[in-house]
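Structural characterization, general
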Amino acid sequence: MSKLVTIFGGSGFVGRYIARRMAKDGWRVRVAVRRPNEAHFVRVYGSVGQVEPVFANIRDDASVEAALMGADAVVNCVGILAESGKNKFDAVQAEAPGRIARIASAMGVARMVQISAIGADAESESDYARTKAEGEAAVLAHMPGAMILRPSIVFGPEDDFFNRFAGMARMPKVIPVVGGATKFQPVFVDDVAAAAVQGVTGQAPGGIYELGGPDVHSFRDLMRLMLDVVRRRALLLPVPFVVARVLAWGLDLAQTVTAGLLHNGTLTQDQVRNLAQDNVVTGTLPGFEALGIRPTTLDAVLPDYLWRFRPSGQYSEIKESARNLKT
């Protein structure tokens, strides 16, 4: 019988790419999610019954144990960018990875891959970065041979970064930019998945890996690149950090006083703190080169999924070619 991997958050942005690769490699894949009824699309990644979505609550020992039953390896992709309801940074990013690792170790699961993030730092003022580091430490405490992957901002067809700002470029011709000079090293989602597969299969040793793409860009330059791809013009309005902090404080307050009825999906105080720090590899830890993976460039992928935000959508290039013929 083929081996089984449990992927917590396996229907999410990064998780689905790992699930697809593992299924292609012949593994049985258990996709552990909060809403399995919304994750049926993962079934088509393999043959009948090869990829199965199951319910799992990462805050509950019994639920995690059930999801890990019979697994040979485990991947944890669960993470949040902002707190909402019971999904707090400490519960999701610090406690849950430790719980998964502890139970996996007790059940004899051979390997674990934890998806973390560049900037993970136990001393950080950002709750996001602090809890990412605490989650890493908790995993390694129970499974010292685990692989920890720290990607920079991840891009791909389902991302919530370029898609979000490209959508904004359709409407008002102003895009507010907080931390325009902050540097990022965008990494393609399937490259992250390829790295995770090496950890699951044992092709690469455990440890912490920093994953960054081939190019470093400022936030402002990433927005310019996006606008060029979608063939639109917009004013990139710099928002000083002092202004951003006040705005984020107000939005967070509104979410608190309405008990989450007005969810702050725009800008949180913690996100502002993160935007003040560069999001690039340090060069002190192994990365794609150590894994034999050549990272994909932005130019090779962005046009393939941002074309729908162009004024004429899929016909933009045809119209451009027609205009060139007339001239």
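As shown above, the structure is provided for reference.
Residues numbered from 1 in each chain as written. Predicted model: local features only at pLDDT ≥ 70, side-chain atom pairs only at ≥ 80, totals over all residues. Heavy atoms only, no water.

1. Considerations on helix α8 (residues 241–257)
Note the following rule: Note on conventions: DSSP H or I runs of at least 4 residues are helices, E runs of at least 2 residues are strands, and numbering of each starts at the N terminus. Multiplying 1.5 Å by the residue count of a helix minus one yields the expected span of that helix. Burial classes: relative accessible area under 20% of the type maximum marks a residue as buried, over 50% as exposed, and values in between as partly exposed (1.4 Å probe, protein chains only). Arc definition: directions from the helix axis to the C-beta atoms.
Taking 1.5 Å per residue, 17 residues should reach 24 Å; α8 reaches 24 Å between its end C-alpha atoms and fits that length. Those residues of α8 that fall on the buried side of the exposure criterion are Ala244, Ala248, Asp252 and Gln255. The buried residues of α8 occupy one face: seen down the axis, they fall within an arc of 65 degrees. Facing away from the buried side of α8 by over 90 degrees, the exposed positions are Val242, Val246 and Val257.

2. Considering the pairing of strand β4 (residues 73–76)
Along any regular strand the residues' side chains alternate between the sheet's two faces. Put simply, the rule reads: If DSSP finds at least two bridges between two strands, the strands pair. Assignment of crossover handedness uses the view with strands pointing away from the viewer, where a clockwise path from the first strand over the helix to the second indicates a right-handed crossover.
By the alternation rule, side chains of β4 split into Ala73 and Val75 and Val74 and Asn76, which are all buried. When β4 meets strand β5 (residues 111–115), the two strands line up parallel, connected through four bridges. When the bridges of β5 are listed, Asn76 appears paired with Gln114. For the handedness criterion, the β-α-β arrangement of β4, helix α3 (residues 89–106) and β5 is classed as right-handed.

3. Observations concerning the packing of α3 against helix α4 (residues 127–142)
What counts is decided by this rule: Only the stretch in contact is used when fitting a helix axis, every axis being a line fitted to C-alpha atoms; angles between N-to-C directions are given from 0 to 180 degrees. Convention used here: angles under 35 degrees read as roughly parallel, angles over 145 as roughly antiparallel, angles from 65 to 115 as roughly perpendicular, and any remaining angle as oblique. Between two residues, a contact is recorded if the distance between any of their heavy atoms is within 4.5 Å. For this classification, Asp, Glu, Lys and Arg are treated as charged, while Ala, Val, Leu, Ile, Met, Phe, Trp, Tyr, Cys and Pro are nonpolar and the rest, including Gly, are polar.
Put simply, α3 and α4 touch, their axes get as near as 8 Å, and they point 10 degrees apart. The orientation of α3 relative to α4 falls into the category roughly parallel. Residue-level contacts link Phe89, Asp90, Gln93, Ala94, Pro97, Gly98, Ala101, Arg102 and Ser105 of α3 to Asp127, Tyr128, Arg130, Thr131, Lys132, Glu134, Gly135, Ala138, Val139 and His142 of α4. A class-by-class count of the residues in the contact of α3 with α4 yields seven nonpolar, six polar and six charged.

4. Concerning a nonpolar patch on the surface
Applicable threshold: Note that patches include only residues with greater than 30% relative accessible area and no salt bridge, and the join distances are 9 Å for like charges and 5 Å for nonpolar side chains (Val, Leu, Ile, Met, Phe, Trp, Tyr). Residue burial considers only the protein chains on display, and all accessible areas are found by Shrake-Rupley using a 1.4 Å probe. Whenever Lys or Arg places a side-chain nitrogen within 4 Å of a carboxyl oxygen from Asp or Glu, that contact is recorded as a salt bridge.
A cluster of nonpolar side chains, namely Val174, Leu235 and Leu237, defines an oily patch on the protein surface of about 240 Å² accessible area. With respect to the secondary-structure elements, Leu237 resides in strand β13 (residues 235–239).

5. What to know about the side chain of Ser11
Here Ser11 lies in the loop between β1 (4–8) and α1 (13–24). Judged by relative accessible area, Ser11 falls into the buried class, the value being 18%. Those residues in contact with Ser11, other than ones at most four positions away along the chain, are Arg16, Val31, Val33, Ala39, Phe41 and Val42.

6. Remarks on the sheet that holds strand β2 (residues 28–33)
Sheet strands associate in pairs through backbone hydrogen bonding, adopting either a parallel or an antiparallel arrangement. Pairing is parallel in the open sheet, where seven strands are placed in the order β3-β2-β1-β4-β5-β6-β11. In this open sheet, the two strands that pair with only one neighbour each are β3 (51–55) and β11 (207–211). On average, adjacent strands in this sheet sit at an angle of 20 degrees to one another, irrespective of strand direction. With five bridges joining them, β1 and β2 adopt parallel strand pairing.

The values are spatial; any link to function lies outside them.
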